[in-house]
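Listed below are the residues making up each chain.
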Amino acid sequence: RALSTSAAHFNSIKTVTVIGSGLMGSGIAQVAAASGHKVIVVDKTQDIINKAESSIKKSLERIVKKKFPDDTKVGKQKYLTDVLENLSLSTDALAAVKSSDLVIEAIVENLDVKKELFSALDKAAPEKTLFASNTSSIPIKEIATATQRKDRFGGLHFFNPVPLMKLLEVIRIPETTDATYKSLEAFGKALGKTTVQCKDTPGFIVNRLLVPYMAEAIRLVERGDASPRDVDTAMKLGAGYPMGPFELLDYVGLDTTKFIIDGWSKKEPDNPLFQPSQMLNKLVKENKLGMKSGEGFYKYDKK
Ligand code: NAI
């Protein structure tokens, strides 16, 4: 009786609660609604939620123009209405999860805050409800300890911008059952994503390779071996990458990359791939965070 019957069975995800309506949460909610799921998006205040709704609408309008270039205005409007009908907004996470097959958490990257949220959700959600975190840098197993449903817990790691990026990393902790994993994977495929499976290790697959690569690019520049511009040109034309490492750093945000490196280096201080970078720390201190602040390794016109 320890294992609930619902945990042993494949859970076909139809209703989803997305908690956190920022950059990632609003993207996840949008693709889930656009693929026919009933979605409730939750954030702390009505004001934040309203902003998320208007950014989802704008994003959908861009997609509709590309997706149905020949369609009539009426056809386009119907698509928008259908997707928005699948979407509702709330500031009450505990009420929202009562009717959900799956909860995806995309709130602030802070272990204590995530644990507090999941502990409360665990008590409010039905037994069948699966839990997932979109965290980039916190071990899923540490978040899952806040709940009594580690067997129904996993990671769903999306990429920014969610509507455009095809990949979804589906993360298993040792307790994640096959049924839970299969349900999460099937949900990812239903969103139109290509899924890959990874254990709960720092950075999963993409960031584990990408972050040390970007840090090594910074070290190359710190030594004075080449300029950021030439490194970017080299990696685009010589390695076939769509963006160079410095363009990518500016796009991702220097503070975000620093946060990830700092977290890893604290956990594995002897790992040479996880060493903090002085140049990165200096730029972040000067509030040169990349595109979003108008300057990082390059300068940008502020919006
Ligand atoms: P964000 O700062 O844009 O959005 C976070 C949202 O969560 C905010 O709207 C905030 O009001 C809300 N929030 C915070 N605490 C809350 C709570 N207790 N209850 C309800 N809402 C709450 O952050 P972003 O970039 O969307 O990141 C969210 C998560 O996604 C983080 O765990 C991050 O590691 C992960 N992630 C981020 C990626 C990125 O490129 N930014 C990529 C993949 C994962």
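Here the residue numbers are simple positions, counted from 1 along each chain's written sequence. For this predicted model, a pLDDT threshold of at least 70 governs which residues receive local features, and a threshold of 80 or more governs which side-chain atom pairs are given and counted, while totals over whole chains, interfaces and linings are taken from all residues.

## Considerations on the UniProt feature "binding site: CoA" (unreviewed entry) in the protein chain
The condition is simple: UniProt positions are given in the numbering used here, feature names are shortened, and annotations may be inferred rather than shown by experiment. Think of it this way: any DSSP run of H or I at least four residues long counts as a helix, any run of E at least two long counts as a strand, and we number them from the N terminus. Placing a C-beta atom from the backbone of each residue, one calls two residues in contact when those atoms lie within 7 Å. Here a residue counts as buried when 20 or more other C-beta atoms fall within 10 Å of its C-beta, as exposed when 12 or fewer do, and as partly exposed in between; the C-beta atoms come from the backbone.
Following the UniProt record, the feature "binding site: CoA" (unreviewed entry) maps to S59, K66 and S136 here. Spanning 78 residues, the named residues do not form one spatial group; their C-alpha atoms are separated by as much as 29.8 Å. Mapped onto the elements, S59 comes out in helix α3 (residues 46-67). Contacts of S59, omitting those with residues within four sequence positions, involve Q30 and P163. Taking the C-beta count within 10 Å as the criterion, S136 has 24 such neighbours and is therefore assigned buried. Every residue in contact with S136, bar those within four places of it in the chain, is listed here: E109, H157, N207 and I260.

## What to know about the pairing of strand β8 (residues 194-199)
Rules: Note on pairing: DSSP must find at least two bridges between two strands before they are called paired. A crossover gets the label right-handed when its path from the first strand over the helix to the second runs clockwise, viewed with the strands pointing away from the viewer.
As paired strands, strand β7 (residues 167-172) and β8 are joined by 6 bridges and run parallel to one another. Counterpart to I171 in the pairing with β8 is C198. Crossover connection from β7 via helix α8 (residues 178-190) to parallel β8: handedness right-handed.

## So, the sheet that holds strand β6 (residues 153-157)
Applicable threshold: To define axes, lines are fitted to C-alpha atoms, for helices over the stretch in contact only, and angles between the resulting N-to-C directions are given on a 0 to 180 degree scale.
Taking strand neighbours across the sheet as the criterion, the 8 strands line up as β3-β2-β1-β4-β5-β6-β7-β8 in an open arrangement whose pairing is mixed. The two strands at the open ends of the sheet, each matched to only one other strand, are β3 (87-90) and β8. Direction aside, the axes of adjacent strands within the sheet are offset by 25 degrees on average.

## As for the site of the ligand
As a reminder of what qualifies: The criterion for a residue being near a molecule or strand is simple: its C-beta atom, placed using the backbone, must lie within 6 Å of it. Any residue outside Ala, Val, Leu, Ile, Met, Phe, Trp, Tyr, Cys, Pro, Asp, Glu, Lys and Arg is labelled polar, Gly included; the first ten of those are nonpolar and the last four are charged.
The local shell around the ligand holds 23 residues, among which G20, G22, M24, S136 and N160 are the closest. When contributions to the shell around the ligand are tallied by element, the ones reaching two or more residues are α2 (23-34) and α6 (111-124). Residue contributions to the shell around the ligand peak at 3 residues, all from α2. Looking at side-chain class alone, the shell around the ligand contains 11 nonpolar, 9 polar and 3 charged residues.

## Re helix α13 (residues 278-285)
An α-helix turns once per 3.6 residues; consequently, residues spaced three or four apart project the same way. Defined as follows: The directions considered for the arc are those from the helix axis to the C-beta atoms.
Those residues of α13 that sit buried are L280, L283 and V284. Looking straight down α13, one finds that the buried residues subtend no more than 100 degrees of arc, so they occupy a single side. Turned more than 90 degrees away from the buried face of α13 sit Q278, K282 and K285, all of them exposed. Considering only its buried residues, α13 is in contact with α9 (206-222) and α12 (254-267). Of the residues flanking the end of α13, it is N287, one or two places downstream, whose phi is positive at about 60 degrees.

## Considering unusual backbone geometry
For the peptide bond that leads from N160 to P161, omega is -5 degrees, which places it in the cis range. Note on placement: P161 falls in the loop between β6 and β7. A positive phi is found at F204, a non-glycine position, where the angle reads about 50 degrees. You can see F204 is positioned in the loop between β8 and α9. Positive phi outside glycine occurs at N287, with the angle close to 60 degrees. Mapped onto the fold, N287 is located in the segment after α13.

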